[in-house]
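Geometric and topological summary
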Amino acid sequence: MATKSLRSFLENGLTHLKENGLYNEIETVHGANGPMITIGSKNFINLSSNNYLGLATDARLKKVAHEAIDSHGVGSGSVRTINGTLDLHDKLENKLAAFKGTEAAIAYQSGFNCNMAAISAVMDKQDVIFSDALNHASIIDGCRLSKATIIRYGHSDMDDLRKKAIDAISSGKYKKMMVITDGVFSMDGDIAKLPDMVEIAEELDLITYVDDAHGSGVTGNGYGTVKQFGLEDKIDFQVGTLSKAIGVVGGYVAGKRTLVDWLKVCSRPFLFSTALSPADIAASLKAIELLMDSKELNQKLCENGNYLKQGLEKLGYNIGTSETPITPCIIGDEKETQQFSKRLYDEGVYAKSIVFPTVPKGTGRIRNMPTSAHTKEMLDQTLAVYEKVGKEMGMIKESL
Ligand code: PMP
């Protein structure tokens with residue numbers, strides 16, 4: 001039984017969240033996570049996954065995962081520094097380096113872990129990190145873990161970045177300086193201003209760190225945002241996840257050989273947490289091969305993203321500033337956003353509400369994630385539901 005103080009903390013906290021529309025109910029999905037999902041006995045058009053290229057259920061990935069289990073077992077046994085690196089880990093890391101156009105890469109158990117690992121392996125309390133105001137939670141936590149001073153700059157505001165970096169240099173307080181950003185911002189779908197960022201970084205000697213979790217497989221013909229701008233040589237840390245477009249689980253940091261050598265001896269999630277399993281590695285490896293061999297899935301993803309965005313905009317919705325398939329539908333008020341999502345759910349569209357603390361208060365939204373696996377019929381059905389629910393809730397005009 002929980003102690004009295006813990007019990008009242010939890011009960012009061014949960015009541016507060018529920019009363020303010022901030023409590024997230026989690027449904028159980030029966031079966032695979034594809035463009036359609038089943039919850040209870042009902043089927044839904046799934047617009048909430050990060051499975052951008054539909055690879056989470058791809059037969060080619062499943063086949064190699066089975067084979068890897070047969071040849072290497074289900075677990076990697078230990079951390080790699082203690083029990084050795086599987087040949088599969090080496091293969092995956094070589095492939096990741098080729099994919100990202102870098103000398104080397106290191107794989108971690110998740111994208112979140114990459115940010116826990118890499119930032120604190122390099123930055124410490126004598127240093128300063130300039131962090132975009134809308135950076136992902138794992139970047140924020142990774143920065144905190146490093147104990148460096150964190151200075152937030154306005155979202156994608158390169159003048160603010162420059163000013164704050166110059167002020168930090170003038171103060172003479174810091175040893176190393178880093179600028180850190182998402183490649184694609186996950187809640188709005190806009191792309192970081194990497195060329196401008198690199199220009200400032202070169203001028204002021206800032207270490208550059210780009211977490212392209214939502215860019216890889218999506219932007220730059222699937223190669224990601226850094227490649228889209230041709231900056232592979234200029235970004236010190238290219239971080240990515242294997243859990244979104246790649247369809248599996250895991251993460252990686254790509255960069256110079258010396259950086260990867262350092263992370264292999266100094267980053268704590270690599271040293272103290274068991275390595276990726278054989279099936280995960282084999283499936284990820286296959287996904288990257290598919291991505292590098294053909295643009296088909298990537299093109300279909302972009303086509304579907306544009307179709308949904310245009311459709312929602314035509315209906316009169318505010319889809320924000322997205323430059324990628326991420327399609328937010330910004331409602332504002334948290335409770336209204338949750339009601340909207342619930343009505344979509346009743347009508348067979350699974351598109352979850354995203355509210356504070358994931359996005360700032362008052363900017364609640366439904367985040368739609370079209371994938372290459374959605375058919376035009378599914379997207380048309382989604383738009384029809386948006387039209388019906390929008391009119392019913394007074395979000396869009398009857399005449400539209
Ligand atoms: N970084 C960013 C920018 C992300 O959007 C996410 C996932 N939401 C992560 C890291 C975490 O990746 P993973 O799910 O592989 O832990």
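Rules used in this analysis
- Residues numbered from 1 in each chain as written.
- Predicted model: local features only at pLDDT ≥ 70, side-chain atom pairs only at ≥ 80, totals over all residues.
- Heavy atoms only, no water.
- Near = heavy atom within 4 Å.
- Polar contact = N/O pair within 3.5 Å; in protein donor to acceptor, adjacent residues only side chain to side chain.
- Areas by Shrake-Rupley, 256 points an atom, 1.4 Å probe, with all protein chains shown as cover.
- Salt bridge = Lys/Arg side-chain N within 4 Å of Asp/Glu carboxyl O.
- Helix = DSSP H or I, 4+ residues; strand = E, 2+ residues; numbered from the N terminus.
- Buried < 20%, exposed > 50% of the residue type's maximum accessible area, 1.4 Å probe, protein only.
- Contact = heavy atoms within 4.5 Å.
- Right-handed = clockwise from strand over helix to strand, strands pointing away.
- Expected span 1.5 Å × (residues − 1).
- Pairing = 2+ DSSP bridges.
- Axes fitted to C-alpha atoms, helices over the stretch in contact; angles between N-to-C directions.
- Domains from an automatic or database assignment.
- Buried area = accessible area lost by both parts, 1.4 Å probe.
- Nonpolar A, V, L, I, M, F, W, Y, C, P; charged D, E, K, R; others polar.
- Patch = residues over 30% accessible without salt bridge, like charges linked within 9 Å, V, L, I, M, F, W, Y side chains within 5 Å.
- Lys, Arg positive; Asp, Glu negative; His and termini not counted.
- Charge placed at Lys NZ, Arg CZ, Asp CG, Glu CD.

**Section: the site of the ligand**
- Near the ligand, the surroundings consist of 13 residues, among which G111, F112, D211, T241 and K244 are the closest.
- The contact in question runs from a nitrogen atom of the ligand to an N or O atom on the side chain of K244, over 2.9 Å.
- With the chains in place, 83% of the 400 Å² that the ligand exposes on its own is no longer accessible.

**Remarks on the pattern of salt bridges**
- Per the stated rule, a full pass over the model turns up 22 salt bridges.
- Across the pair E203 and R162 runs a salt bridge whose closest N-O atoms are separated by 2.7 Å. Here E203 is found in helix α8 (residues 194–204), whereas its partner R162 is found in helix α7 (residues 158–171), with 41 residues between them in sequence.
- Since its relative accessible area comes to 25%, R162 is described here as partly exposed.
- With a shortest N-O distance of 3.0 Å, K391 and E387 are connected by a salt bridge.

**Here we look at the side chain of S156**
- Along the polypeptide, S156 turns up in the loop between β6 (149–153) and α7.
- Since its relative accessible area comes to 9%, S156 is described here as buried.
- The residues touching S156, leaving out its near neighbours within four places in the chain, are D132, F185, I191, A192 and K193.

**What to know about the pairing of strand β7 (residues 177–182)**
- Summarising burial for β7: 6 of the 6 residues are buried, a large majority.
- In this fold, the crossover linking β7 to strand β8 (residues 207–211) by way of α8 has right-handed handedness.

**Comments concerning helix α14 (residues 334–346)**
- With 13 residues, α14 should reach 18 Å at 1.5 Å per residue; the first-to-last C-alpha distance of 19 Å fits that figure.
- When α14 is considered as a whole, its buried residues turn out to be E334, T337, F340, S341, R343 and L344.
- Residues of α14 that are buried sit in contact with β11 (327–332), β12 (349–350), β13 (353–354), β14 (364–368) and α15 (376–392).
- Looking at where α14 begins, the residue whose side-chain oxygen comes 3.2 Å from the main-chain nitrogen of K335 is D333.

**Description of the sheet that holds β14**
- Taken together, the 3 strands give an open sheet; going across it, the order is β11-β14-β13, and neighbouring strands pair in antiparallel fashion. Both outer strands of the open sheet, β11 and β13, are each paired with one neighbouring strand and no more.
- One ladder, built from 5 bridges, connects β11 with β14; its direction is antiparallel. Opposite P328, over in β14, you have R367 as the bridge partner.
- Lying over the sheet, helix α13 (residues 296–315) contacts β11 and β14, oriented at roughly 30° with respect to β11.
- Those strands touched by α14 are β11, β13 and β14, and its axis lies near 30° from that of β14.

**Let's talk about the domain arrangement of the chain**
- Domain annotation for the chain reports domain 1 (19–48 + 295–392) and domain 2 (58–293).
- Computed over C-alpha atoms only, the centres of domain 1 and domain 2 are separated by 27 Å.
- Listed as interface residues are 17 residues of domain 1 and, on the opposing side, 14 residues of domain 2.
- In total, about 1300 Å² of surface goes out of reach between domain 1 and domain 2, with carbon and sulfur atoms giving 58% of it.
- Scanning the region where domain 1 abuts domain 2 turns up 1 salt bridge.
- Taken together, the links from domain 1 to domain 2 amount to 8 residue pairs in polar contact (both at pLDDT 80 or more).
- Among the elements of the structure, α13 and β14 are those that each provide at least two residues to the side of domain 1 that touches domain 2.
- Sorting elements by how many residues they give to the side of domain 1 that touches domain 2 places α13 first, with 3 residues.
- Here the residues of the side of domain 1 that touches domain 2 sort into 8 nonpolar, 5 polar and 4 charged.

**Concerning a negative patch on the surface**
- On the surface, D157, D159, D196 and E199 cluster together to form a negatively charged patch.
- Its place among the elements puts D159 in helix α7.

**Considerations on the pairing of β14**
- With 5 of 5 residues buried, β14 is to be regarded as a mostly interior element.
- Here β14 shows two buried faces, one formed by G364, I366 and N368 and the other by R365 and R367.
- Of the strand pairs in this sheet, β13 and β14 are connected by 2 bridges, and their pairing is antiparallel. By the bridge assignment for β14, S353 is matched with I366.

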